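Chain by chain, the residues:
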Amino acid sequence: SRRGLAELVRRDGKTFLRMIAAGLRQNFGDEVYQALLTRRRDELVLGSRPVDSKGVFLGETQMSSEKLHTYDRIELRLVGSDASGRGRLILRAAIPN
């Protein structure tokens, strides 16, 4: 089953949003998993990458707690040239206030 974790970590005086998701299927062709923050009709793409050989997605981006909490949800989508629209939603979690 698919599971994910997102956490804020502090390192060298900077704050990072770190994401890990497991139980994902391997990518085919040009597919990648894309991490996003969303609120209403607005979204912020954090980055895209394929999963490793064990189906694990790891991502990290510099992000302040204040900026993170201006969004409602964190999502992981599967995207590629043959994906329609915004890609297929794989995981979604609410960002606590």
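Data block above holds the structure.
Scope of this entry: the structure provided in the associated data block.

Rules used throughout
- Residues numbered from 1 in each chain as written.
- Predicted model: local features only at pLDDT ≥ 70, side-chain atom pairs only at ≥ 80, totals over all residues.
- Heavy atoms only, no water.
- Helix = DSSP H or I, 4+ residues; strand = E, 2+ residues; numbered from the N terminus.
- Rg over C-alpha atoms; globule rule 2.2 N^0.38 Å.
- Contact = heavy atoms within 4.5 Å.
- Areas by Shrake-Rupley, 256 points an atom, 1.4 Å probe, with all protein chains shown as cover.
- Salt bridge = Lys/Arg side-chain N within 4 Å of Asp/Glu carboxyl O.
- Buried < 20%, exposed > 50% of the residue type's maximum accessible area, 1.4 Å probe, protein only.
- Pairing = 2+ DSSP bridges.
- Phe/Tyr/Trp six-rings, centres within 6.5 Å; stacked < 30°, edge-to-face > 60°.
- Lys NZ or Arg CZ within 6 Å of the ring centre and 35° of its normal.
- Core = buried A, V, L, I, M, F, W, Y, C linked by side-chain atoms within 4.5 Å.

When you go through the protein chain residue by residue, the secondary structure sums to 1 helix and 7 strands. Taking 13 Å as the expected radius of gyration for a compact globule of 97 residues, we find that the protein chain reaches 13 Å, a close match to that expectation. Principal-axis analysis of the C-alpha atoms places the extent of the protein chain at approximately 40 × 30 × 20 Å. For the protein chain, the proportion of contacts with a sequence separation of at least 24, taken over those separated by at least 6, is 55%. Accessible surface, the protein chain as shown: approximately 6300 Å² in total, 48% of it carbon and sulfur.

Here the focus is the pattern of salt bridges. The final tally for this structure, using the stated rule, is 8 salt bridges. Between R18 and E7 there is a salt bridge, with the nearest N and O atoms lying 3.0 Å from each other. Residue R18 is located in strand 2 (residues 14-22), and its partner E7 is located in strand 1 (residues 3-11); the two are separated by 11 residues in the primary sequence. Given a relative accessible area of 35%, R18 falls into the partly exposed group. By relative accessible area, E7 is classed as partly exposed at 32%. Between R77 and E75 there is a salt bridge, with its nearest N and O atoms 2.6 Å apart.

Another aspect to go through is the pairing of strand 1. Strand direction decides the pairing type here: strand 1 and strand 2, joined by 9 bridges, are antiparallel. Of the residues in strand 2, the one forming a bridge with L8 is L17. Taking the residues that link successive antiparallel strands as the turn, the strand 1-strand 2 hairpin has 2 residues, and the phi of D12 there is positive, at about 55°.

Another aspect to go through is the packing of aromatic side chains. Inspection of the entire model under this criterion finds 0 aromatic pairs. The aromatic ring of F16 is capped on one face by R11, whose charged end is 4.4 Å from the ring centroid. One cation-aromatic arrangement involves R39 over Y71; the distance from NZ or CZ to the ring centre is 4.1 Å.

The subject of this paragraph is the nonpolar core. Counting residues in hydrophobic clusters, the biggest one holds 17 residues, and the most contacted among them are L17, L24, Y33, L37, F57 and L76. Elements with a contribution of two residues or more to this core: strand 2, strand 3 (32-39) and strand 6 (73-79). Excluding residues that lie within four positions of it along the chain, F57 makes contacts with M19, I20, A21, L24, Y33, A35, R49, V51 and L76.

Treat this as a map of the structure, not an account of what it does.
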